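# Chain and residue survey
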Amino acid sequence: MADSTGAANGEEVAGTENLTDGFTLVIDALKLNDIKTIYNVPGIPITDLGRMMQASGMRILSFRHEQNAGYAAGASGFLTKKPGICLTVSAPGFLNGLTALAHATTNCFPMILISGSSEREIVDLQQGDYEEMDQLAVAKPLCKAAYRVLNVEDIGIGIARAIRAAVSGRPGGVYLDLPGKLFTQVIDADEGAKSLVEVIDAAPSQLPSSQSVDRALNLLKGAERPLIILGKGAAYSQADDDIRNFVEKSGIPYLPMSMAKGLLPDNHPQSASAARSLVLKDSDVVMLIGARINWLLSHGKGRTWGDQAKKFIQVDIEPKEMDSNVEIAAPVVGDIGSCVKSLLEGMGEEWPKPPSEWTEEVKDKVETNVARMAPRLENDNNPMDFHGALGALKKIIKERPDSVLVNEGANTLDFARTVIDMYKPRKRLDVGTWGVMGIGMGSAIAAAVETGQPVLAIEGDSAFGFSGMEIETICRYNLPVCVVVFNNSGIYRGMDTNPTGGSDAATTVFVKDSRYDKMIEAFGGVGVSVTSPDELTSAVNEAMDSGRPTLINAVIDSSAGTESGRIGNLNPKSVVAAKKE
Ligand code: ADP
Ligand code: MG
């Protein structure tokens, strides 16, 4: 391949001292914008880019599959408020990363998928290039913005646009297409340096109007049974102190969505988590802060929300989010930090607490439900059920509140979300808005890399399978990750049988008595298999103390789970088949 100097690929060119190339400018542009960590899978045409990034002092984490690198980038965006970068090869690698890019966009995580691509001239004439694909066109509908850079002097602008698009307004995924030829293009070094762009104020504050703040406060003040719902947008905004002050000053019961858990500690006296059904049904004014009324909140309608007439206040950076499912009586559009600050100011010195009949009713319900759950969490069944195992892990997180919890699965997710209390913001990473399986190891790696804290990943055996090979990555970088696989030998449960009586396994069951712990031993990590809550406790504590990559195979009773966990109602069932049974 010839570049614009006429030199063969990689060949020395006489008098290159004053020249720079695409490789270097991509690296310099990222560094100039304080991006120093890259989640990648090497290959054509970005192998050398990764090498040069590492040589330049950036941290490059090479994964075994692009989807996991992409989930890591998304999680890193959520944790840091800076775009997480996933770097992939062309066509198939790009497509593998695309799931994670769409996931980031859906979850409002800032992320940039940078993919190398094949030669435009050949791709556009569809002449069958190596890994030919019009990646830009494919990516466009699945992300917030998509750009392609064709000329070396545009690298600075291209990367600046990608960064700004990812983090400004509602954050999301951005695709950046870099054709292989771009990397070897050369220009004068001074000119190259001048072409770089430092993004100033990438995510500018967006202040809410004072009318919108007054309207919201008036509605809240007049409420008899108010409720605040905190979503992962609130966690993302990093306005932790103001959010806590606002909730406490209001005296209103609050409900954290799963990734907003810990924004206020889950054992906070105003937490209504354990009275979720009650507060959703009986509240009269509901204030959403960085949470969308989507399927996770039953679209704001139906049985979950009951017959009580309700008015909604919504605090969100995205104006289009308002009235998406139900009428929003008081939209407050702006960034959460600014909005919550304005709300706090507007509350003045004295703010009337909500009627005590309501707050006491919620508290009573919380206490009753917590007391009802407690003995189940202490059970010592062997093999374990979900509650026995999670009761043990709940204590561990309480003792180690700085650890990051990663959680996916069906039953493993649903039960862990309710059982395990979080005490600090942004310590819980899970399946997010789609309820997707496969985020586990990518999220765990990002959490360890970005926070430096120990990570506990609680994984259903099925969920773990989607990213399980990344335990090699965890061992390779020696990350303080302890993976606990809840092994019930199947999806939902491990009890199904083939209805024909044939020798093929049923569609939802896995190999019985499998030993996931053996997998990590192959890479020098610590593997342990446990069957009781006590064994589980000591194995996890040891892993968290040592910081060594560990995989614990936690044997769970195969009959303990339920179909689709808590969302069985979303799994269509055939009436015809049921009749035939
Ligand atoms: P959850 O699943 O926890 O309910 P969602 O992902 O549904 O949360 O909602 C997050 C919301 O937060 C999105 O509507 C998004 O626009 C909003 N958001 C994200 N970051 C900010 C921010 N910095 N300021 C205001 N709103 C934000
Ligand atoms: Mg399972």
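Residues numbered from 1 in each chain as written. Chains lettered and ligands numbered in written order. Predicted model: local features only at pLDDT ≥ 70, side-chain atom pairs only at ≥ 80, totals over all residues. Heavy atoms only, no water.

On the surface, Glu 153, Asp 154, Asp 188, Asp 190 and Glu 191 cluster together to form a negatively charged patch. Note that Asp 154 resides in the loop between strand E6 (145–148) and helix H7 (155–167). The class of Asp 154 is partly exposed, set by a relative accessible area of 34%. (Patch = residues over 30% accessible without salt bridge, like charges linked within 9 Å, V, L, I, M, F, W, Y side chains within 5 Å. Areas by Shrake-Rupley, 256 points an atom, 1.4 Å probe, with all protein chains shown as cover. Salt bridge = Lys/Arg side-chain N within 4 Å of Asp/Glu carboxyl O. Lys, Arg positive; Asp, Glu negative; His and termini not counted. Charge placed at Lys NZ, Arg CZ, Asp CG, Glu CD. Helix = DSSP H or I, 4+ residues; strand = E, 2+ residues; numbered from the N terminus. Buried < 20%, exposed > 50% of the residue type's maximum accessible area, 1.4 Å probe, protein only.)

Moving on to the pattern of salt bridges. Across all of its chains, the model carries 23 salt bridges by this definition. Across the salt bridge formed by Asp 34 and Lys 82, the nearest N and O atoms sit 3.2 Å from each other. In this pair, Asp 34 sits in the loop between helix H1 (22–32) and strand E2 (37–40) while Lys 82 sits in the loop between helix H3 (66–80) and strand E4 (84–88), placing the two residues 48 residues apart along the sequence. Residues Glu 318 and Lys 320 are paired through a salt bridge, measuring 3.7 Å at the closest nitrogen-oxygen approach. Here the residues in one salt-bridge network are Asp 34, Lys 36 and Lys 82, joined through shared partners.

It is at 10 Å that the axes of H1 and helix H2 (residues 47–55) come closest, and there the two elements cross at 50 degrees. One way to sum up the angle between H1 and H2 is to call them oblique. Relative to H2, the crossing made by H1 is right-handed. On H2, the residues that touch Phe 23, Thr 24, Val 26, Ile 27 and Leu 30 of H1 are Asp 48, Leu 49, Met 52 and Met 53. Per-class residue counts for the contact of H1 with H2 are 7 nonpolar, 1 polar and 1 charged. (Axes fitted to C-alpha atoms, helices over the stretch in contact; angles between N-to-C directions. Parallel < 35°, antiparallel > 145°, perpendicular 65-115°, else oblique. Left-handed = near helix turned anticlockwise from the far one by under 90°. Contact = heavy atoms within 4.5 Å. Nonpolar A, V, L, I, M, F, W, Y, C, P; charged D, E, K, R; others polar.)

Below, the discussion takes up the packing of aromatic side chains. Applying the stated rule across the entire model yields 8 aromatic pairs. Both rings, one in Phe 464 and one in Tyr 516, keep their centres 5.9 Å apart while their planes meet at 90 degrees; by these two values the pair is edge-to-face. Of this pair, Phe 464 sits in helix H19 (residues 461–465) while Tyr 516 is found in the loop between strand E17 (481–487) and helix H21 (517–521), placing the two residues 52 residues apart along the sequence. Across the pair, Tyr 516 and Phe 464 agree in class, each one buried. Put simply, the rings of Phe 386, Phe 415 and Phe 486 pair up and form one aromatic cluster. Across from the ring centre of Tyr 236, 5.8 Å away, lies the NZ or CZ of Lys 81, which sits over that ring. (Phe/Tyr/Trp six-rings, centres within 6.5 Å; stacked < 30°, edge-to-face > 60°. Lys NZ or Arg CZ within 6 Å of the ring centre and 35° of its normal.)

Counting buried residues in E17 gives 7 out of 7 residues, a clear majority hidden from the surface. The alternating pattern of E17 places Val 481, Val 483, Val 485 and Asn 487 and Cys 482, Val 484 and Phe 486 on opposite faces, both of which are buried. Relative to E17, strand E16 (residues 455–460) runs parallel, the two being bridged by 6 bridges. Bridge assignment links Gly 460 to a residue of E17, and that residue is Phe 486. Where E17 and strand E19 (residues 550–555) come together, 6 bridges link them in parallel fashion. Its bridge partner being in E19, Val 483 is matched across the sheet by Leu 551. (Pairing = 2+ DSSP bridges.)

Surveying the vicinity of ligand 1 reveals 19 residues, the closest of which are Arg 170, Lys 232, Arg 292, Asp 316 and Ile 336. Within the side chain of Lys 232, a nitrogen or oxygen atom sits 2.7 Å from an oxygen atom of ligand 1. Backbone polar atom of Ile 336 to a nitrogen atom of ligand 1: 2.9 Å apart, as the coordinates give it. For ligand 1, whose free accessible area comes to 580 Å², the fraction covered by protein is 96%. The class makeup of the residues in the shell around ligand 1 is 7 nonpolar, 7 polar and 5 charged. Split by domain, the shell around ligand 1 shows at least three residues from each of two domains, domain 1 (16–195) and domain 2 (210–363). (Near = heavy atom within 4 Å. Polar contact = N/O pair within 3.5 Å; in protein donor to acceptor, adjacent residues only side chain to side chain. Domains from an automatic or database assignment.)

The next thing to look at is the coordination of the magnesium ion (ligand 2). Donor atoms from the polypeptide that bind the magnesium ion (ligand 2) are Asp 461 (OD), Asn 488 (OD1) and Gly 490 (O), placed at 2.0 to 2.1 Å. When the donor residues of the magnesium ion (ligand 2) are listed from N- to C-terminus, their spacing reads D-x26-N-x1-G. The same class applies to Asn 488 and to Gly 490, which are both buried. (Donors = N, O, S within 2.8 Å, 3.2 Å for Na, K, Ca; no water.)

What follows concerns the domain arrangement of the chain. Per the domain assignment, the segments making up the chain are domain 1 (16–195), domain 2 (210–363) and domain 3 (378–565). Each of domain 1 and domain 2 has a C-alpha centre, and these two points are 38 Å apart. Across the contact, 13 residues belong to domain 1 and 11 residues belong to domain 2. Summed over both sides, the interface of domain 1 with domain 2 buries roughly 1000 Å², with 56% coming from carbon and sulfur. Counting across the domain 1 and domain 2 interface gives 1 salt bridge. The salt bridge partner of Glu 321 is Arg 170, with a shortest N-O separation of 2.8 Å. Secondary structure elements with two or more residues in the side of domain 1 that touches domain 2: H3 and helix H4 (91–107). Here the element with the most residues in the side of domain 1 that touches domain 2 is H3; it accounts for 4 residues. Its residues assigned to classes, the side of domain 1 that touches domain 2 shows 6 nonpolar, 5 polar and 2 charged. (Buried area = accessible area lost by both parts, 1.4 Å probe.)

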